[in-house]
Amino acid sequence: MTSAPQPPATPAPGQLKAVCLDVDDTLLDGQRASRQGLRELVGTDRAWPVWERTTDDYYARFINDELDFDTMCVQRTKAFFAAFGERIDDAEAARREDIRMAAMQRAWGLFDDARPCLDWMRDSGLRLAVITNAPSVYQRKKIAAVGLADAFDVLVISGEVGVAKPDPQIFETACEALGLRPGEVAHVGDRLDTDALGAARAGLHGIWLNRGHRAPATTEVPTIASLHELPELLVGDLPAVPVPELIP
């Protein structure tokens, strides 16, 4: 078992003054909660790959402003059951989604490495922020439910600012809210392009949290397998990633 972060060293060299973090599957174990919701809905999570693919498709439509969040949830549920030959109307899909959502929310919880890492960063004098793609009320409810309502100096939520990761504007918005230059801020998230490369393209220190040990598509950003590894990275040399090298 990986040990928890040790007492703070000085986050040095250079100018790092704040760390932004993604929420789902970075701090909060979203997959575990979502699988619990699926089990509550259909009695098993064997269809998880189908649910995951369907979610990726419909969530992208939400992020791109093609669907509002509630409509996205209903249409996703309809598409999931249609994949197994069951056609349901909007009302029935909404009823089933309510069941799934309630079970998922009961299962919301942090990864074991989240709180120790946040505490270490705060004790080290780093400012903390969230950058997340989600509707405002839903994500604020989630952050509060896992005990992080007062953990951050800044919350930047796509549903509130009208732009989503990996658009550079959302990272710039976070830096402006922190009163810092992009080069003084790191961003950590579980999605390589959306989080790590998106942040690097905006001039931040992008860090990929590769919890699933997926084969990296690039070596242009630092990669960690756990938040337990983040303190060591932050107190080491964390140079800015040259933006031109990340643009295809």
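Bringing the sheet that holds strand β2 (residues 127-132) into the picture now. Pairing in this open sheet of six strands is parallel, and the strands run β3-β2-β1-β4-β5-β6 from one edge to the other. Every interior strand has two partners, whereas the edge strands, β3 (154-157) and β6 (223-224), have only one. Here strand β5 (residues 205-209) runs beside β6; their pairing, made up of two bridges, is parallel. When the bridges of β6 are listed, W208 appears paired with T223. Sitting on the sheet, helix α8 (residues 168-178) is in contact with β1 (18-21), β2, β3 and β4 (185-189), with an inclination near 155° to β2. Across the face of the sheet, helix α9 (residues 192-201) comes into contact with β4 and β5 while running at roughly 160° to β5.

So, about the packing of helix α2 (residues 48-63) against helix α3 (residues 69-82). The interhelical angle for the contact between α2 and α3, taken along N-to-C directions, is 150°, at an axis separation of 9 Å. Classified by the angle between their axes, α2 and α3 sit roughly antiparallel to one another. For α2 against α3, the interelement crossing comes out right-handed. Here α2 contributes V50, W51, T54, T55, Y58, Y59 and F62 to the contact with α3, which in turn contributes F69, M72, Q75, R76, T77, A79 and F80. Residue classes in the contact of α2 with α3 are distributed as nine nonpolar, four polar and one charged.

In this structure, the amide linkage connecting K165 to the following residue, P166, adopts the cis form with an omega of 10°. Here P166 shows up in the loop between α7 (158-161) and α8. Despite not being glycine, D25 has its phi angle at roughly 65°, a positive value. With respect to the secondary-structure elements, D25 resides in the loop between β1 and α1 (30-42).

The rules behind these values
- Residues numbered from 1 in each chain as written.
- Predicted model: local features only at pLDDT ≥ 70, side-chain atom pairs only at ≥ 80, totals over all residues.
- Heavy atoms only, no water.
- Pairing = 2+ DSSP bridges.
- Helix = DSSP H or I, 4+ residues; strand = E, 2+ residues; numbered from the N terminus.
- Contact = heavy atoms within 4.5 Å.
- Axes fitted to C-alpha atoms, helices over the stretch in contact; angles between N-to-C directions.
- Parallel < 35°, antiparallel > 145°, perpendicular 65-115°, else oblique.
- Left-handed = near helix turned anticlockwise from the far one by under 90°.
- Nonpolar A, V, L, I, M, F, W, Y, C, P; charged D, E, K, R; others polar.

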